[in-house]
Amino acid sequence: MSETSHLIKLSKYLSYHLRHNPGEIGLKLEPGGWVAVEALLAAAQAHQFPLTRSQLDLVVETNNKQRFSFDATRTRIRANQGHSIPIDLQLEPRCPPDILYHGTGHHAVESILAQGLQKRARHHVHLSPNLDTARQVGMRQGKPVIFTIKSAEMHQNGYLFYSSDNGVWLVDEVPPEYLILGKNKPQ
Ligand code: HQG
């Protein structure tokens, strides 16, 4: 296996256990989504997925979306966003940029226009600060469709926005009135 595909495999393993199913390898996330690095390495080893500290360092450092972070002491690790298990990431609400973007697939457009953006299986609706990232998110579902979100207006109206350590903006929902289909700027 090439080094790149090995790193992708490690990243997927970490995403799965740090976002969705820590219990499968006997881990329990601490508040904030943290887990002790030693516990993670031991759990991986015990479940036939040997992982060394230096491999972990490399995944965290080189991950294309900066999906994981160590804490200040580098003894704990967490996924920055994307969880489906109930976890309080302990993020502070922040003032978002005037507009944000969301990339999705064609099949979802009609329903999103009618119902707005909903968080589905995740904790939050994920929004991107730039078009490129939104396109990449949408491309997972074929030809991407971009929505522009009037985030400043939502914020003024009391919606809470959070920004994860890797630059993803998070919000509970985006009602249809704050959505523009396409990459327009709000009037
Ligand atoms: C759609 C990945 C119909 C929404 C990505 C999305 C991102 C609706 C899907 C991160 C809807 C949920 C998050 C509605 C929302 N009707 N469809 N009313 N409201 N949807 O994967 O934002 O690689 O949970 O458009 O790159 O696609 O995992 O969210 O298509 O950063 O790190 O429901 O996950 O990052 O899908 O992706 P997801 P997302 P990672």
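Conventions adopted
- Each chain has its residues counted from 1, running along the sequence as written.
- Local features in this predicted model are restricted to residues of pLDDT 70 or higher, and side-chain atom pairs are both shown and tallied only at a pLDDT of 80 or more, whereas totals for entire chains, interfaces and linings draw on every residue.
- Side-chain descriptors were evaluated using all non-hydrogen atoms of the structure, hydrogens and water having been removed beforehand.
- Type-normalised accessible area, obtained with a 1.4 Å probe on protein chains alone, sets the label of each residue: buried when under 20%, exposed when over 50%, and partly exposed for intermediate values.
- A run of DSSP states H or I qualifies as a helix once it reaches four residues; a run of E qualifies as a strand once it reaches two. Both are numbered from the N-terminal end.
- Paired strands, in this sense, are two strands between which DSSP finds at least two bridges.
- For Phe, Tyr and Trp, where Trp contributes only its six-membered ring, two rings pair if their centres lie within 6.5 Å, and the inter-plane angle classes them as stacked under 30 degrees, edge-to-face over 60, or tilted in between.
- Here, a charge over a ring means that NZ of Lys or CZ of Arg falls within 6 Å of the ring centre while also lying within 35 degrees of the ring normal.
- To be near a molecule or strand, a residue needs just one of its heavy atoms within 4 Å of it.
- Identification of polar contacts relies on pairs of N or O atoms within 3.5 Å, with a donor-acceptor requirement for protein atoms, meaning one able to donate a hydrogen and the other able to accept it, and with residues adjacent in sequence counted only if both atoms are side-chain atoms.
- Here the Shrake-Rupley method, with its probe set to 1.4 Å, supplies the accessible areas, and only the displayed protein chains count as covering residues.
- Domain start and end points were adopted from an automatic or database domain assignment.

**Points about the pairing of strand β7 (residues 144-149)**
- Within β7, five of the six residues are buried, which leaves it mostly tucked inside the rest of the structure.
- Here strand β4 (residues 100-105) pairs with β7 via six bridges, running antiparallel. Following the sheet pairing, Y101 is matched in β7 by T148.
- Two elements, β7 and strand β11 (residues 179-181), share three bridges in a ladder whose sense is antiparallel. For I149, the partnering residue across the bridge sits in β11 and is L179.

**Quick look at the packing of aromatic side chains**
- Summed over all chains, the structure comprises two aromatic pairs.
- Consider the rings of Y13 and F49, whose centres lie 3.6 Å apart with planes at 0°: the pair is stacked. Placement of the pair is Y13 in helix α1 (residues 3-20) and F49 in the loop between α2 (37-46) and α3 (53-62), with a sequence separation of 36 residues.
- Taking the centre distance of 5.6 Å and the plane angle of 75° together, the rings of Y159 and Y178 count as edge-to-face. Of the two residues, Y159 is situated in the loop between α6 (151-156) and β8 (162-163) and Y178 in the loop between β10 (173-174) and β11; the sequence distance between them amounts to 19 residues.
- Y159 gets classed as partly exposed once you look at its relative accessible area, which sits at 22%.
- Positioned over the ring face of F70 is R53, at 4.6 Å from the centre of the ring.

**What about the sheet that holds strand β6 (residues 125-127)?**
- Strands sit in the order β6-β9-β8 across an open sheet of three strands; the sheet is antiparallel. With one partner strand each, in any of the chains shown, β6 and β8 form the two edges of the open sheet.
- Across three bridges, the pairing between β6 and strand β9 (residues 169-171) is antiparallel. Directly across from L127, in β9, lies its bridge partner W169.

**Here we look at the site of the ligand**
- The environment of the ligand is formed by 18 residues, the closest being K65, H102, S111, R140 and Q141.
- Within the side chain of R67, a nitrogen or oxygen atom sits 2.8 Å from an oxygen atom of the ligand.
- The side chain of R120 places a nitrogen or oxygen atom 3.0 Å from a nitrogen atom of the ligand.
- Computed on the free molecule, the ligand has an accessible area of 780 Å², of which 86% lies beneath the protein chains in the complex.

**Re the sheet that holds strand β2 (residues 68-70)**
- Ordered in space as β1-β3-β2, the three strands form an open sheet in which the pairing is antiparallel. Both outer strands of the open sheet, β1 (35-36) and β2, are each paired with one neighbouring strand and no more.
- The pairing of β2 with strand β3 (residues 76-79) spans three bridges and is classified as antiparallel. Each bridged residue has a counterpart across the sheet, and for S69 the counterpart in β3 is R78.

**As for the domain arrangement of the protein**
- Partitioning the protein into domains gives domain 1 (3-79) and domain 2 (100-181).
- Once you take the C-alpha centre of each, domain 1 and domain 2 turn out to be 27 Å apart.

**Topic: the environment of K12**
- Considering the arrangement of structural elements, one finds K12 in helix α1.
- Judged by relative accessible area, which is 58%, K12 ranks as exposed.

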